[in-house]
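Listed below, chain by chain, are the residues.
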Amino acid sequence: MSRRELLDVVVVGAGVVGAAAALAFARDGLNVALVEAREPAPWRREVPDLRVYAFAPDNAALLADLGVWNAVCAARVQPYRAMRIWDAAGGDAFAFDADHFARRELGWIVEHGLLVDRLWAALPAAGVQLLCPERVTGLEPGRPERGAEGATLELGSGRRLRARLVLAADGADSQLRTLAGVETAGHDYSQRGLVAFIETEQPHRDTCWQRFLPGGPLAFLPFAAIDAGAPPGGGHCSSIVWTLPEAEAARQLALADAPFLVELERAFDGPLGALRAVSKRAAFPLRRQLARAQVAGRIAIVGDAAHVVHPLAGQGVNLGLRDVAALRVSVAAAMSRGGDIAAPAQLARWARERRSENTVAAYAFDGLNKLFSNDAVAATLLRGPLLGMAGKLPPLTRVLWRRAAGL
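Residues numbered from 1 in each chain as written. Predicted model: local features only at pLDDT ≥ 70, side-chain atom pairs only at ≥ 80, totals over all residues. Heavy atoms only, no water.

## Considerations on the overall build of the protein chain
Put simply, the test is: Under the scheme used here, helices are H or I runs from DSSP no shorter than 4 residues and strands are E runs no shorter than 2 residues, and both carry numbers assigned from the N terminus. Buried means the residue's accessible area, taken with a 1.4 Å probe over protein chains only, is under 20% of the maximum for its type, while exposed means over 50%, and partly exposed covers the values in between. Here a residue-residue contact requires only that any non-hydrogen atoms of the pair lie within 4.5 Å. Each accessible area is a Shrake-Rupley estimate made with a 1.4 Å probe; only the visible protein chains count as cover when residues are assessed.
When helices and strands are tallied, the protein chain shows eleven helices and 20 strands. Buried positions account for 51% of the 407 residues belonging to the protein chain. Pairs at least 24 apart in sequence give 75% of the contacts found in the protein chain among residues at least 6 apart. Within the structure as shown, the protein chain displays about 17300 Å² of accessible surface, and the carbon and sulfur contribution to it stands at 53%.

Given below as structure tokens:
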């Protein structure tokens, strides 16, 4: 690559969102470089990644278009066909299944590490120039309204890259976002999400189960068999995400398996029978964080660099990939007109659309967490009836699911 070459796109950060963005733009015929600080560990079937996503149909379609989804499915995915949500304080459950929408599944539970592994495997054939290990140390944002043809990135190795469009996809603590001068606003929930894989006495029935508790929601997400030789169907493995106050999360992490499982069974209240731990436990801090802008000159901010949301609805990676899909449409429209792929008005339209959806989602999940993660009398009296009412209104159920599914 020439030191003076003007690339079409540089993506900084090669997680799920960044790698998908680089692959998408390369497959659309653009000259793309991808900058990443460290190479991911190879995915291994026998050591499942504790970080999983409830992957939405629109994003499965995106990965299918990029030629990656079949490879992910061939490795390990778990379709989920039903959801059941209820409150520990009582009231009816909010439940629905794929039949409501004439679909085979509502979505898929997929490991983060597997998605990254298969996306990275597809990069060379698409012509993506991967710079790893490498990091960004300086930025000239290249404001097109001032006639700048490209943004310039200075890398730790001393190399400089110029591109018409640069994507900041380097996570919640994005260095590129900071260099672009974009601030964030947020809220620390003082909670942690405890994650583990659990084997259940009863089959999970391809169902996502979520019980709201005063300390935070507890979710059991159906997971494909970890053992490659396990018989198909009737799965008994689930990925759990248990939102807990920080001190309680630390206490639960310190427990041996036996007392931890006693407390987990009590919290979940038994719909899947006796429980057995089949992995280590981990916990990660929870916060809401929104970038105050998603564009700075020729820099577009996507994924966790733009928005971090509460995991109770499993929408984090889905929102990030929708940033990419919408930007891909915007860039394709500019290319068809022979225009600048990072023209100010065009990037501003993309940013307004995405920031609006991301902000609504972040505050909606924030509100749900506040309503369901406390034991105040008023909130307790409201929660059960609200869930039961939602379950009895099929049009509302359809609207909520279609929004979450990106359809």
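## Here we look at the nonpolar core
One recurring pattern in soluble globular proteins: nonpolar side chains tend to sit buried together. Quick note on the threshold: Working definition of a nonpolar core: buried Ala, Val, Leu, Ile, Met, Phe, Trp, Tyr and Cys residues. They are joined through side-chain atoms within 4.5 Å.
With 55 residues, the main nonpolar core has Val 9, Phe 55, Trp 69, Leu 165, Leu 167 and Leu 327 as its most contacted residues. Considering each element in turn, this core owes the most residues, ten residues, to helix α1 (residues 16-27). With residues up to four places along the chain from it excluded, the contact list for Leu 165 reads Asp 8, Val 9, Val 10, Arg 298, Ala 300, Leu 327, Val 331, Ile 341, Ala 342 and Leu 347. Of all hydrophobic cores here, the second largest spans 24 residues; its members include Val 136, Leu 139, Leu 161 and Ala 168.

## Looking at the sheet that holds strand β7 (residues 107-111)
Definition in use: The pairing criterion for strands is at least two bridges between them, as found by DSSP. What counts as an axis is a line fitted to C-alpha atoms, over the stretch in contact for a helix, and the angles between N-to-C directions run from 0 to 180 degrees.
An order of β3-β7-β4 is seen for the three strands of this open sheet, with the pairing classed as antiparallel. Two strands lie at the open edges of the sheet, namely β3 (52-55) and β4 (78-80), each paired on one side alone. Neighbour-to-neighbour, the strand axes of the sheet open up by a mean angle of 25°, direction not taken into account. For β4 and β7, the ladder comprises three bridges, and the chain directions are antiparallel. The partner of Gln 78 across the bridge, within β7, is Ile 109. Along the sheet, helix α4 (residues 112-126) contacts β3 and β7; its crossing angle with β7, the most-contacted strand, is approximately 80°.

## Structural notes on the packing of helix α2 (residues 57-65) against helix α8 (residues 316-337)
The condition is simple: In what follows, roughly perpendicular refers to angles from 65 to 115 degrees, roughly parallel to angles under 35, roughly antiparallel to angles over 145, and oblique to any angle outside these ranges. Handedness of a helix crossing follows the sense of rotation of the near helix relative to the far helix, less than a right angle counterclockwise being left-handed and clockwise being right-handed. Residue classes follow a fixed rule: Ala, Val, Leu, Ile, Met, Phe, Trp, Tyr, Cys and Pro count as nonpolar, while Asp, Glu, Lys and Arg count as charged, and any other residue, Gly among them, counts as polar.
Contact geometry of α2 with α8 gives a least axis separation of 10 Å together with a crossing angle of 55°. One way to sum up the angle between α2 and α8 is to call them oblique. Judged by the twist between their axes, the crossing of α2 over α8 is left-handed. In contact with Asp 58, Asn 59, Leu 62 and Asp 65 of α2, α8 contributes Val 317, Asn 318, Leu 321, Arg 322 and Arg 328. Here the residues of the contact of α2 with α8 are counted per class, giving three nonpolar, two polar and four charged.

## Focus: the environment of Val 72
Secondary-structure assignment places Val 72 in helix α3 (residues 69-75). C-alpha of Val 72 to C-alpha of Asp 117: the two residues are 45 residues apart in sequence and 8.9 Å apart in space. In contact with Val 72, other than residues within four places in its own chain, are Val 77, Val 110, Leu 114, Leu 115 and Arg 118.

## Section: the packing of aromatic side chains
Note the following rule: Only Phe, Tyr and Trp rings take part, Trp by its six-membered ring, and two of them pair if their centres are within 6.5 Å. Stacked means planes under 30 degrees apart, edge-to-face means over 60, and tilted covers everything else.
Taken as a whole and assessed by the stated rule, the structure comprises eight aromatic pairs. Ring centres of Trp 86 and Phe 268 lie 5.8 Å apart, and the angle between their planes is 50°; on these two criteria the pair is classed as tilted. Placement of the pair is Trp 86 in strand β5 (residues 82-87) and Phe 268 in helix α7 (residues 257-268), with a sequence separation of 182 residues. Residue Trp 86 shares its accessibility class with Phe 268, and that shared class is buried.

## Quick notes on α4
Keep this limit in mind: Expected span of a helix, by definition, is 1.5 Å for each gap between consecutive residues, and there is one gap fewer than residues.
Relative to the 21 Å expected for 15 residues at 1.5 Å per residue, α4 spans 21 Å between its end C-alpha atoms, a close match to the ideal helical length. All of the buried residues along α4 are His 112, Gly 113, Leu 114, Leu 115, Val 116, Leu 119, Trp 120, Ala 122 and Leu 123. Where α4 terminates, the next one or two residues include Gly 127, which has phi positive at roughly 90°.

## Focus: unusual backbone geometry
Note that the residue after Cys 132, namely Pro 133, is joined by a cis bond; omega there is 0°. Here Pro 133 is to be found in the loop between β8 (129-131) and β9 (136-140). Its identity as a non-glycine residue notwithstanding, Ser 190 has a phi of 55°, on the positive side. Phi is positive for Arg 205, which is not a glycine, with a value near 55°. Mapping Arg 205 onto the fold places it in the loop between β12 (184-200) and β13 (207-213).

## Brief notes about α7
For clarity, the cut-off: The arc in question is traced by the directions running from the helix axis to the C-beta atoms.
Its twelve residues place the ends of α7 16 Å apart at the C-alpha level, agreeing with the 16 Å of an ideal helix rising 1.5 Å per residue. Within α7, burial applies to Phe 260, Leu 261, Leu 264, Ala 267 and Phe 268. Down the axis of α7, the buried set is contained in an arc of 125°. They therefore lie on one face. Those residues of α7 that are exposed and angled more than 90 degrees off the buried face are Ala 258 and Arg 266. Trailing α7 by a residue or two, Asp 269 shows a phi angle of about 70°, which is positive.

## Examining the side chain of Asp 8
Defined as follows: By the criterion applied in these results, polar contacts are pairs of N or O atoms within 3.5 Å in which, for protein atoms, one can donate a hydrogen and the other can accept it, and in which residues neighboring in sequence qualify only through two side-chain atoms.
Of note, Asp 8 is situated in strand β1 (residues 6-12). A polar contact is formed between the side chain of Asp 8 and the backbone nitrogen of Asn 31, at a distance of 2.7 Å. Setting aside its immediate chain neighbours within four residues, Asp 8 contacts Leu 30, Asn 31, Ala 163, Arg 164, Leu 165 and Ile 341.

Function-wise, these values are silent; they only describe arrangement.
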